[in-house]
Amino acid sequence: MSLIELKDISKEYPLGNTSVRALRGVSMVIEKGAFMSIVGPSGSGKTTLLNLMGCVDQPTAGTLLVDGQDVSKLNDKDLTRLRLYKIGFIFQSFNLIPVLSVLENVEFPLLLMHSGKPSEIRERAKTMLRHVQMESHMQHRPSELSGGQRQRVAIARALVTQPQLVLADEPTANLDSETGNAILSLMQRLNEEQGTTFIFSTHDPEVLKYARNIVKIRDGLLIT
Amino acid sequence: MGLIFRIAWRNIFRHKGKTLVIGFILFLGSLVLTVGNGIITGLNEGLQKNVVEGFSGDVILAADKQINESVLASMSGQTLESITAYPTLKPKLLALPYIQKILPVVVGYVWVLNESGQPVDHYLLGVNFNAYRNFYGENLAVLEGSYPDAGQQGVLLSSTIRERIYDFSGFWAIPKGQALNTHHLSPAARQDGDKLRLSQQLVFLGLSQKNASLDIPSEVLGVFKFKELNKLLGFYSLLDIESLRECVGYFNAETKKVAPTTAQSKLLEAEAGTLEESFDFDTGATLSGGKPLSKELFTVQKTVSKTPAANWEDGTFNAIMVKLKPGYSPKEAVKELTAFFKSERIPLKAIRWSQAIGMLGQMALIMKGALLVFVSFIFFVAVIIIMNTLSIAAMERITEIGMMRAVGAPRAFVSNMFVAETGILAAFFGGLGILAGSLLVRLLAMLHLSTQNEILQIFYGGDTFQPRLDLVDLLLCAILLCFVTFLAVLYPVSVARKITPLDAMSRD
């Protein structure tokens, strides 16, 4: 069953008087439960593709369906709800809210969803932190954590809402290989245990070992 | 909301530099606003207490034909339109639920004549001394002589006018039967020493724009000063009402008692110019076809002079001062009185005290306006600085805000976060500013700063600087602070709301 469908998607960015074509007619279908890697060199369009699938950007042309919904027909409010309830993000620079503790950062999307009593929300966040082995750092601020620890917290925050799709833009780019492998193992485990769809971009061949599906992209075109 | 406040609260401590800049501006703005409010309230209450309760009353009633509403300080010297039939008006006015008491007066503009020096122009308030004292209480300090008894004829001279008369006419007025009190001499008069010319009597010539009326001699019964705002209000002296009526050519109580004919009444109340126009000197034409005009007038005046004094309220007035019962505002009273006069067909108009006192009221309004402009300017600057600082803060937090949006925070969450941050700062620093302003106002009031400068006296609302704040003022400060905060946060919020997840990622 498809979670994401891209039909002849193009994306252009204005650059001065000209424009840059980041994607040139990309079409593909991503099934639920996929553990997929998008591979390509820098500037190939990986991040643009992830942004479109994560509903943080709109295609210039083509149709994008996320869980059956045509995102071009959704307004800002609907797109925000879609991101909150169905999509989890893991950013390259482990973006956490600096003024909130580890536990509060993980609680953040649940509080936005108003999903349950505060005590229930807290318990869910703690459970997720246990999954990523960050329980002992719950009261720490992001600035007190290492890169790997922050990335684990970001994963916990992305997964705590039990989204159908987790998008990770080069999740190991700023980590040492040991930590990177641990993070990918964790993502793989969650994919297998909970059936969450993971799509991550990378240009690191080591990371590809973990992916079940690999999509290669170059100059805005899929090449496999 | 708990999450928003938690983030906002912690962000305040995270961005200490900006917090201090915004906090200082909010503190300063609130301080200035509070002190300014305190001064305006002090000014208002000072003027209310010193002018309304000691000089003008809350509302002044004048004839409906009266065009110039500065009835107590007309710069033109034009005679006020007369009010007749006071005895029938009095019960109607006193029956109104908002009127506490009334005082009918004659406002006169006269020259103080002098055979050798320049005449001095001067405002006189024609009053029944007893009624005046009942109306205003102890608003005057009698420096020399004594407060006149009921029915006593003469002038209670303002000390300010006495100095002016000396400056222009070269003599020093003293109350009848009193020795010269050298303590009260002006510096210029003191220099005259033994050569100082003294006078116990003044001669007033009633003035109008059209022509002069009668000149009357008047004994000086006492010299006074207003207990407050004497520099500003001391341009008035009090004269017994019958003398002033005679001086400006109004019916007095005695002429009323004689009950002159319509023709005679016209003659008595007519301005001199009108008389000349209606009198044919060559033919001895008559007004009503009977006796010659000159003989008619002579007969009336002769009869009047021999008639015993009647009730002073029976004569002609040109203003009625009104004091309202506590809790009634002059503005509302004027509105209600206007409607009342219209429905009852009473030929009167109601004027607020601030309009009736002319320039003094206008100056007070200008000062209040200037203070408000100053405070508004401070707040305008505050809005600009806070707006800029918050806008910069929004731009510096693109990654954080964009990430929140990507995770699923709606735009309203971002707006509320900014509003909460600024709101907390406004509540804390603005609150501190209001508190400090209140303490400063209290401190300034305790200093009892006094002045003899006319402009400063208006600013003070009296001789002493008494700024004060009540609960309403503090509430007003808080509301204004909220308004300013709201204005200041509008633009930064719009900047923050436009931040997209893509903006954050492109910075990543």
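Residues numbered from 1 in each chain as written. Chains lettered and ligands numbered in written order. Predicted model: local features only at pLDDT ≥ 70, side-chain atom pairs only at ≥ 80, totals over all residues. Heavy atoms only, no water.

Q: An account of the overall build of chain B is requested, with residue identities and associated values reported.
A: Scanning chain B from N- to C-terminus turns up 20 helices and 12 strands. Sorting the 508 residues of chain B into buried and exposed places 51% on the buried side. Within chain B, counting contacts between residues at least 6 apart in sequence, those at least 24 apart form 77% of the total. On chain B, roughly 23500 Å² of surface is accessible, and the fraction owed to carbon and sulfur atoms is 60%. (Helix = DSSP H or I, 4+ residues; strand = E, 2+ residues; numbered from the N terminus. Buried < 20%, exposed > 50% of the residue type's maximum accessible area, 1.4 Å probe, protein only. Contact = heavy atoms within 4.5 Å. Areas by Shrake-Rupley, 256 points an atom, 1.4 Å probe, with all protein chains shown as cover.)

Q: Describe helix 5 (residues 147–159) of chain A, naming the residues involved and giving the relevant values.
A: Compared with the 18 Å implied by 1.5 Å per residue over 13 residues, the 18 Å span of helix 5 of chain A between its first and last C-alpha is a close match. The set of residues buried in helix 5 of chain A consists of Gly148(A), Gln149(A), Gln151(A), Arg152(A), Val153(A), Ala154(A), Ile155(A), Ala156(A), Arg157(A), Ala158(A) and Leu159(A). (Expected span 1.5 Å × (residues − 1).)

Q: Lay out helix 17 (residues 411–447) of chain B in plain terms, naming residues and giving numbers.
A: Between the first and last C-alpha of helix 17 of chain B there are 52 Å, a value that for 37 residues agrees with the 54 Å anticipated at 1.5 Å per step. A positive phi of about 50° marks His448(B), the residue just after helix 17 of chain B.

Q: Help me get a handle on the pattern of salt bridges, residues and values and all.
A: Applying the stated criterion across every chain, the model contains 29 salt bridges over all chains. Its salt-bridge partner being Glu206(A), residue Lys209(A) comes within 2.8 Å of it at the nearest N-O pair. Take Lys209(A): its relative accessible area is 61%, and that puts it in the exposed class. Residue class for Glu206(A) comes out partly exposed when judged on its relative accessible area of 42%. Between Glu400(B) and Arg14(B) there is a salt bridge, with its nearest N and O atoms 3.1 Å apart. Of the two residues, Glu400(B) sits in helix 16 (residues 398–407) while Arg14(B) sits in helix 1 (residues 2–14), which places them 386 residues apart along the sequence. Assessed through its relative accessible area of 7%, Glu400(B) is described here as buried. Since its relative accessible area comes to 41%, Arg14(B) is described here as partly exposed. The network of salt bridges with common partners includes Arg14(B), Arg397(B), Glu400(B) and Glu421(B). (Salt bridge = Lys/Arg side-chain N within 4 Å of Asp/Glu carboxyl O.)

Q: Pulling in residues and values, what's your account of the sheet that holds strand 1 (residues 2–15) of chain A?
A: Residues and elements named next belong to chain A. Here four strands make up an open sheet; going across it, the order is 2-1-4-5 and the pairing antiparallel. Two strands lie at the open edges of the sheet, namely strand 2 (18–31) and strand 5 (69–70), each paired on one side alone. In terms of strand pairing, strand 1 meets strand 2 through 11 bridges, oriented antiparallel. Its bridge partner being in strand 2, Glu12 is matched across the sheet by Arg21. Across the face of the sheet, helix 1 (residues 46–53) comes into contact with strand 1, strand 2 and strand 4 (61–66) while running at roughly 60° to strand 2. (Pairing = 2+ DSSP bridges. Axes fitted to C-alpha atoms, helices over the stretch in contact; angles between N-to-C directions.)

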